[in-house]
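Given next are the chains, with one letter for each unit.
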Amino acid sequence: MAENDTCTPMNDIKEGDHSNDAHFRFCMSEDGMKLGVNRYFPPKGHGAKPSVELLKQQVAAAGVRLSVDEEAAEKILSHLAEAREITGITLVRGVEVQNPEDARFETIGNLDYPVFPGYKFAVKYPPKKARQGETIDGKITKPSSTDPPEDIKIQAGENCDFDATEGTFTSQVYGMARVDEKEGLVWVDPLLRIDSDNITVTSTIFHQDCFGRPLSVQALEKELLDLGVAIEIDPDAIDKFIRKASVSQQPVPNAVLVRGRHPVNGKDGWLEYLVSTRDATGTEDESGRVDFKDRGAYPSVAPGQTIARLHPPTKGEGGIDIYAKTLPANEGVELHVHPGENVEICEDGATFTANATGIMVLDRNVLSVSECLVLPENVDMNTGNVKVDTGSVKIMGNVQAGFHVAAPKNIIVQGSIESAEVEAGENIEVGGGILMPDGGMVTAQGNITVSYMNNARVHAHGSILFKNEISNSTIQADGYIRAEKGKGIIQGGSAICSRGMEVNELGSELGVQTIVGINLSTSDDREAMAERANLAKEIKRIDKALGNGNPKDILRRVPPEKRPSIVKVLKHRMELAKRYKEVADELAEKAEIRRNELRGVTIKVLRTIHGGTVIKMGGHTARVKRTMDRSLIYWSEEEQKIAFGTL
């Protein structure tokens, strides 16, 4: 009973044989739901001392039928013994009326994050029937309704238990708790996954569990051991994934937590390249680490050059799975290689020579020399990075994320480029799209032709020609940006060119910021602007130290012994100021040239330009405020601003 509750005194116990006993006077809250002690009278003579039992008797004698809270009674006695305040302690509580309540289901914690074995992550509260209430002084309160409450049906599925007593659902495994209230089912999807060969254990790694507690290496090690992993677990590798998830606040998918060793079958008969060659598996640095993507350039050969020699197979080496079970290996098989275009085989049946200049390629057991390297598959871990010192490259599949393709002439990709580095000395043609959610860059000294782009970073020293849609990308063309056919949409990101742009649509109805513009500056301009900024910074630093007044006045303010050094600083400032003016004049002259070059350079939007699109041109910026159709955007020399017209 709170101290500030309004108190209604209860009748004192009747005087009688126990009048010398310790005596409590009680009070009741205004709503009749709490009873506390208002006053206390110590015992007289041999009267009974205060006790829990005495409190119970006197509460009953005061006409209260409800039971005494013995813990509260003990607290009152403790306060009496310590001469502390005894009011404000609720000794008896009334019975609250219970209105009917339907059963309900609630999750515990944030189930976007994992649970561990033993975690209680959800609870079902049972329905509550209507029940009368009763105040301290015996008044009965009735519920608002006596309708029977509704129950819900929900049961435990795979990898979790239901405790009917507590109504809680508990995880049996480390995983993601799932709830389907419509189907009435709760279950846990395990996060630890063993591959079909029992070689690796992978998982999606989060930075915290469902209760917000940071994930620990020790917790994941325990789960791996409970899974039956019997080979060595690398805690540093696990810690790396947890730290990555923590930094990005995003889960790390497909993290390999334990890796056994696949059996290494005997080396098949192999072809030794006798020229500057690319490695079949990767290149090794000075520390002994192997980059499995970097395998060097495809070899370039000359006429009459001995290029390769065939070797017999070898035996293999066994592997081990996560349960420490040995996995046997097979012996290698013999390789048969046939001479193809511009290649001859010697009398020994194992040595090959070239008849022409080109790229040496082994395809389907045929060794050839060609001006164009054709890869009939994706650029991935099977191929490694692709680099040629002469000629072009044609890739029949995709260039997958994290790989590098380079050629001095053309690169043709029939599929897509995914977060990769692609560089061509001439043109790049992509049959599919350029998608770069995880970084990468596509650069061509000539044109880049593509169907679509998403989150891409592209620079063409020629033009960029596309068909469908460029979204959320950063693209730059020293020539044109042009939609040849298809949707022809640029939305999100930035698109900068030097010679003009022609598209069907710019921006989006949702207002995603899209920046397009004409930029005629060169790398020389950017270097000059950087020099100008550094000169200004240095001049400002000197002025802050000495002041920017007349040099004679500055010298008069300093002691004679310091004047020679100050003279040197002032001379240096004069040289800086002179160079600053030279650079500024040079940039101003080039800016004037650029403005003249802007004449005739336009941005044509054949269908729609949406509000929110930002146009940059001639050092100025304009934001499109409303949707416009069939627009022509150009630099108005007369008004010195970006102008809009109609096609």
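See the structure shown above.
Before going into details, it helps to say that this report is about the structure given with it.

Regarding its fold elements, the protein presents seven helices and 52 strands. Here the C-alpha radius of gyration of the protein, 41 Å, is well above what a compact globule of 647 residues would show, namely 26 Å. Each principal axis of the C-alpha distribution contributes one length, and for the protein these read about 130 × 90 × 70 Å. Long-range pairs, those at least 24 residues apart, make up 46% of the contacts in the protein with a sequence separation of at least 6. For the protein, the exposed surface amounts to about 35800 Å²; the carbon and sulfur share of it is 47%.

At a closest axis distance of 10 Å, the pairing of helix α3 (residues 217-226) and helix α4 (residues 235-248) adopts a crossing angle of 120 degrees. On the basis of the axis angle, α3 is oblique to α4. The element α3 and its partner α4 pack so that their crossing is right-handed. Here Val217, Leu220, Glu221 and Leu224 of α3 lie close against α4, whose contacting residues are Pro235, Ile238, Asp239 and Ile242.

Time to look at the environment of His459. Along the chain, the position of His459 falls in strand β41 (residues 457-460). A residue is classified by how much of its surface remains accessible, and His459, at 18% relative accessible area, is buried. With 17 residues separating them along the chain, His459 and Gln476 place their C-alpha atoms 4.8 Å apart. When residues no more than four places from it in sequence are discounted, the contact partners of His459 are Met441, Val442, Thr443, Ala444, Ile448, Gln476 and Asp478.

This part takes up the pairing of strand β13 (residues 185-190). Direction of pairing for strand β9 (residues 155-156) relative to β13: parallel, over a ladder of two bridges. Paired with Gln155 across the bridge in β13 is Leu185. Where strand β12 (residues 175-180) and β13 come together, six bridges link them in antiparallel fashion. Paired with Arg178 across the strands is Trp187, a residue of β13.

Following the sequence through the fold, Ile345 ends up in strand β25 (residues 343-345). Under the relative-accessibility criterion, Ile345 is labelled partly exposed at 35%. Residues Ile345 and Glu582 lie 237 residues apart in sequence; the distance between their C-alpha atoms is 66 Å.

Strands sit in the order β20-β27-β28-β24 across an open sheet of four strands; the sheet is mixed. A single partner strand is all that each edge strand has here, and the edge strands are β20 (300-301) and β24 (338-339).

On to α3. Owing to its 3.6 residues per turn, the α-helix aligns residues three or four sequence positions apart on the same side. Among the residues of α3, those classed as buried are Val217, Leu220, Glu223 and Leu224. When α3 is viewed along its axis, its buried side chains cluster within an angular range of 125 degrees and face the same direction. In α3, those exposed residues whose orientation departs by more than 90 degrees from the buried face are Gln218, Leu225 and Asp226. As for α3, its buried residues are in contact with β15 (200-205), α4 and β16 (252-259). Two residues or fewer after α3 comes Gly228, characterised by a positive phi angle close to 105 degrees.

Attention shifts here to the packing of aromatic side chains. Applying the stated criterion to the full structure yields seven aromatic pairs. Where Phe105 meets Phe169, the ring centres are 5.9 Å apart and the plane angle is 70 degrees; that geometry is what we call edge-to-face. Of this pair, Phe105 sits in strand β5 (residues 104-107) while Phe169 sits in strand β11 (residues 168-171), and the two are 64 residues apart along the sequence. For Phe105, a relative accessible area of 11% puts it in the buried group.

A few words on helix α1 (residues 52-61). Buried residues of α1: Val52, Leu54, Leu55, Gln58 and Val59, and no others. Buried positions in α1, seen along its axis, are confined to an arc of 160 degrees and lie on one side of it. Residues of α1 that are buried make contact with β2 (23-29), β3 (34-41), α2 (70-81) and β4 (92-93). With its phi angle positive at about 90 degrees, Gly63 sits one or two positions after the end of α1.

On to the side chain of Ser419. Residue placement: Ser419 occurs in the loop between β34 (417-418) and β35 (421-424). From its side chain, Ser419 meets the backbone nitrogen of Asp438 in a polar contact 3.0 Å long. A polar contact is formed between the side chain of Ser419 and the backbone oxygen of Gly439, at a distance of 3.4 Å. Residue contacts for Ser419: discarding those within four places in its chain leaves Ala401, Gly402, Leu435, Met436, Pro437, Asp438, Gly439 and Gly440.

Here three strands make up an open sheet; going across it, the order is β14-β15-β16 and the pairing antiparallel. At either end of the open sheet lies a strand with only one pairing partner, and these are β14 (193-194) and β16. Of the pairings in the sheet, the one linking β15 to β16 comprises five bridges and is antiparallel in character. In the strand pairing of β16, Thr202 is matched with Val256. Most of the contacts of α4 go to β16, to which it runs at about 170 degrees, and overall it touches β15 and β16.

Bridge analysis of β24 against strand β28 (residues 366-370) gives two bridges, and the strand direction is parallel. Directly across from His338, in β28, lies its bridge partner Val366. Pairing geometry for strand β27 (residues 358-363) and β28, over five bridges, is antiparallel. Each bridged residue has a counterpart across the sheet, and for Val361 the counterpart in β28 is Ser368. Hairpin geometry of β27 and β28 is characterised by an intervening segment of two residues between the two adjacent antiparallel strands and by a positive phi of about 55 degrees at Arg364.

Before going further, it helps to spend a moment on the side chain of Ser508. If you trace the backbone, Ser508 turns up in the loop between β46 (500-506) and β47 (514-518). Polar contacts involving the side chain of Ser508 include one to the main-chain amide nitrogen of Val512, which spans 3.4 Å.

All right, on to unusual backbone geometry then. The phi angle at Ala83 is positive, at roughly 60 degrees, despite the residue not being glycine. Take Ala83: it is sitting in the loop between α2 and β4. Look at Ala83 and you get exposed, because its relative accessible area is 73%.

The next point concerns the nonpolar core. It is characteristic of soluble globular proteins that their nonpolar side chains tend to be buried jointly. In this structure, Ile417, Ile434, Ile481 and Ile603 are the most contacted members of the largest nonpolar core, which totals 61 residues. When neighbours within four sequence positions are excluded, Ile603 is seen to be in contact with Met501, Leu506, Val516, Gly517, Ile518, Ile615, Met617, Ser631, Leu632 and Ile633. Within the second largest apolar cluster, 38 residues are counted, among which are Met176, Leu215, Leu224 and Ile231.

The subject of this paragraph is a nonpolar patch on the surface. A cluster of nonpolar residues, Val290, Phe292 and Met381, forms a patch on the protein surface that exposes about 270 Å² of accessible area. If you trace the backbone, Phe292 turns up in the loop between β19 (290-291) and β20.

Definitions and cut-offs
- Residues numbered from 1 in each chain as written.
- Predicted model: local features only at pLDDT ≥ 70, side-chain atom pairs only at ≥ 80, totals over all residues.
- Heavy atoms only, no water.
- Helix = DSSP H or I, 4+ residues; strand = E, 2+ residues; numbered from the N terminus.
- Rg over C-alpha atoms; globule rule 2.2 N^0.38 Å.
- Contact = heavy atoms within 4.5 Å.
- Areas by Shrake-Rupley, 256 points an atom, 1.4 Å probe, with all protein chains shown as cover.
- Axes fitted to C-alpha atoms, helices over the stretch in contact; angles between N-to-C directions.
- Parallel < 35°, antiparallel > 145°, perpendicular 65-115°, else oblique.
- Left-handed = near helix turned anticlockwise from the far one by under 90°.
- Buried < 20%, exposed > 50% of the residue type's maximum accessible area, 1.4 Å probe, protein only.
- Pairing = 2+ DSSP bridges.
- Arc of directions from axis to C-beta.
- Phe/Tyr/Trp six-rings, centres within 6.5 Å; stacked < 30°, edge-to-face > 60°.
- Polar contact = N/O pair within 3.5 Å; in protein donor to acceptor, adjacent residues only side chain to side chain.
- Core = buried A, V, L, I, M, F, W, Y, C linked by side-chain atoms within 4.5 Å.
- Patch = residues over 30% accessible without salt bridge, like charges linked within 9 Å, V, L, I, M, F, W, Y side chains within 5 Å.
- Salt bridge = Lys/Arg side-chain N within 4 Å of Asp/Glu carboxyl O.

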